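# Coordinate inspection notes
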Amino acid sequence: MQFNVSSLLKEATGATREYDIDDDVRIDGATRHAAGHVRFDRTPRGILVRADVHGTADDVCSRCVKPITYPVDIEIAEEYLPTLDVVSGAPVELQDGDEDAYRIDGHHVIDLTEAVAQYWALALPMAPVCDEECPGLCPVCGEEIASAGHACTGQQIDSRWSALAKLKLG
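The structure contained in this document is the topic of the report that follows. (Residues numbered from 1 in each chain as written. Predicted model: local features only at pLDDT ≥ 70, side-chain atom pairs only at ≥ 80, totals over all residues. Heavy atoms only, no water.)

Once that is clear, we can look at the side chain of His108. Positionally, His108 belongs in the loop between strand E6 (102-104) and strand E7 (109-111). Judged by relative accessible area, His108 falls into the buried class, the value being 13%. Apart from the residues lying within four places of it in its own chain, the contact partners of His108 are Phe3, Asn4, Val5, Ser6, Leu9, Leu84, Asp85 and Val86. (Helix = DSSP H or I, 4+ residues; strand = E, 2+ residues; numbered from the N terminus. Buried < 20%, exposed > 50% of the residue type's maximum accessible area, 1.4 Å probe, protein only. Contact = heavy atoms within 4.5 Å.)

Note on placement: Cys64 falls in the loop between strand E4 (47-60) and strand E5 (67-82). For Cys64, a relative accessible area of 7% gives the class buried. With 73 residues separating them along the chain, Cys64 and Leu137 place their C-alpha atoms 5.4 Å apart. When residues no more than four places from it in sequence are discounted, the contact partners of Cys64 are Cys130, Cys134, Gly136, Leu137 and Glu144.

Attention now goes to the pattern of salt bridges. This structure, assessed with the given rule, holds 8 salt bridges. In this structure, the salt-bridge partner of Arg39 is Asp41, at a minimum N-O distance of 2.8 Å. A salt bridge links Lys66 to Glu144; the nearest nitrogen and oxygen atoms lie 3.2 Å apart. With Lys66 in the loop between E4 and E5 and Glu144 in the loop between helix H2 (113-123) and helix H3 (162-169), this pair connects stretches of sequence that are 78 residues apart. Here Glu144 falls in the partly exposed class, since its relative accessible area comes to 22%. (Salt bridge = Lys/Arg side-chain N within 4 Å of Asp/Glu carboxyl O.)

Assignment of secondary structure puts Asp98 in the loop between E5 and E6. The class for Asp98 is buried, based on a relative accessible area of 11%. At 2.6 Å, the side chain of Asp98 forms a polar contact with the side chain of Arg45. Non-local contacts of Asp98, meaning those with residues more than four positions away in its chain, are made with Arg45 and Leu81. (Polar contact = N/O pair within 3.5 Å; in protein donor to acceptor, adjacent residues only side chain to side chain.)

Structure below.
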């Protein structure tokens, strides 16, 4: 996801460019398809990138451990700063606080791959589920609780607690 912005860098503040995104991107070692829309706005210091990107992620349900696929939707809003002046070719010095800013490379290309990967990672749920009502696995027998074959009563008692169980029953 690379875009040459040299002509936009030569224009006045407020100039814009818009593109559709439909590309594969490498995220956490896996190739994901990303689609969406990106807008580049010329700022006094660089280029403001605003993008809406959509795709899908594969994981396992955190309750029943079934494989699942779910949508991932991200919104990117980042200012990219040039490394070289587009007219003179001289290096552009960073201001205080800009050390972690995304950079436009020496060929005046914005590569959205890193931003998409970072925003994608933040958009993933910590504990994905196949269904909000998923009961998960039985803590006693380990079978899926929702399965028709689950016959565990859930009343198995650890032998270390058997003496207490007799008191309760007696």
